[in-house]
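Take a look at the letters that make up each chain.
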Amino acid sequence: MSLTTAGEPPGPVRFFLMCDRLGCGARAVLDLVVPDQPPDIETDLFGHLLHSAKAAAPRIADMGWTYYQGDGYWCPRCSTPRPQRPRRGRTRSS
């Protein structure tokens, strides 16, 4: 999964996204203030590790990124069904 962070809650956290679909190089950066402290690492390891991602998930979805279990995050273009995607760099000639 290509979601990484810089910064520690509570406070500003920068999220770096990279599309996990094979062959796509789309990237995005999101800054978000995570106001609450993560759970204690000794009592809830996964809660501690995923705390910031859980706070950012709604904003990431608003940006058009989609999370697929087992595949990770896909950019808005890769998340759109193939027949509905705009073509890149091609024009239709008459």
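Provided above is the structure to which this section pertains.
This structure is a prediction, so every number in the text was calculated from the model and none was measured. (Residues numbered from 1 in each chain as written. Predicted model: local features only at pLDDT ≥ 70, side-chain atom pairs only at ≥ 80, totals over all residues. Heavy atoms only, no water.)

### Quick notes on the overall build of the protein
When helices and strands are tallied, the protein shows two helices and five strands. Overall, the protein shows an N-to-C arrangement of helices and strands of β-β-β-α-β-β-α. Taken against the 2.2 N^0.38 rule, which gives 12 Å for 94 residues, the C-alpha radius of gyration of the protein at 16 Å runs more than 25% over that of a compact globule. In terms of overall dimensions, the protein has a C-alpha envelope of 65 × 25 × 20 Å along the principal axes. Looking at the protein as a whole, 28% of its 94 residues qualify as buried. Of the contacts made within the protein by residues no fewer than 6 positions apart, 41% connect residues no fewer than 24 positions apart. By element, 53% of the accessible surface of the protein is carried by carbon and sulfur atoms, the whole surface being about 6,900 Å². (Helix = DSSP H or I, 4+ residues; strand = E, 2+ residues; numbered from the N terminus. Rg over C-alpha atoms; globule rule 2.2 N^0.38 Å. Buried < 20%, exposed > 50% of the residue type's maximum accessible area, 1.4 Å probe, protein only. Contact = heavy atoms within 4.5 Å. Areas by Shrake-Rupley, 256 points an atom, 1.4 Å probe, with all protein chains shown as cover.)

### Observations regarding the sheet that holds strand β2 (residues 11-18)
The antiparallel open sheet is built from three strands, whose spatial order is β1-β2-β3. On the outer flanks of this sheet lie β1 (3-6) and β3 (27-34), each paired with one strand and no other. Pairwise comparison of adjacent strand axes, ignoring direction, gives a mean angle of 25° for this sheet. Where β1 and β2 come together, four bridges link them in antiparallel fashion. Paired with Thr-4 across the bridge in β2 is Phe-16. (Pairing = 2+ DSSP bridges. Axes fitted to C-alpha atoms, helices over the stretch in contact; angles between N-to-C directions.)

### Describing the pairing of β3
Only one face of β3 is covered, namely the face carrying Ala-28, Leu-30, Leu-32 and Val-34; the face carrying Arg-27, Val-29, Asp-31 and Val-33 is uncovered. Two strands pair when backbone bridges link them, and β2 and β3 are joined in this way by eight bridges, in the antiparallel orientation. By the bridge assignment for β3, Pro-12 is matched with Val-33.

### Re the packing of aromatic side chains
Counted by the stated rule, this structure contains two aromatic pairs. Taking 4.9 Å as the distance between ring centres and 65° as the angle between the ring planes, the aromatic pair formed by Tyr-68 and Trp-74 counts as edge-to-face. Of note, Arg-21 hangs over the ring of Trp-74, and the distance from its end group to the ring centre comes to 5.6 Å. (Phe/Tyr/Trp six-rings, centres within 6.5 Å; stacked < 30°, edge-to-face > 60°. Lys NZ or Arg CZ within 6 Å of the ring centre and 35° of its normal.)

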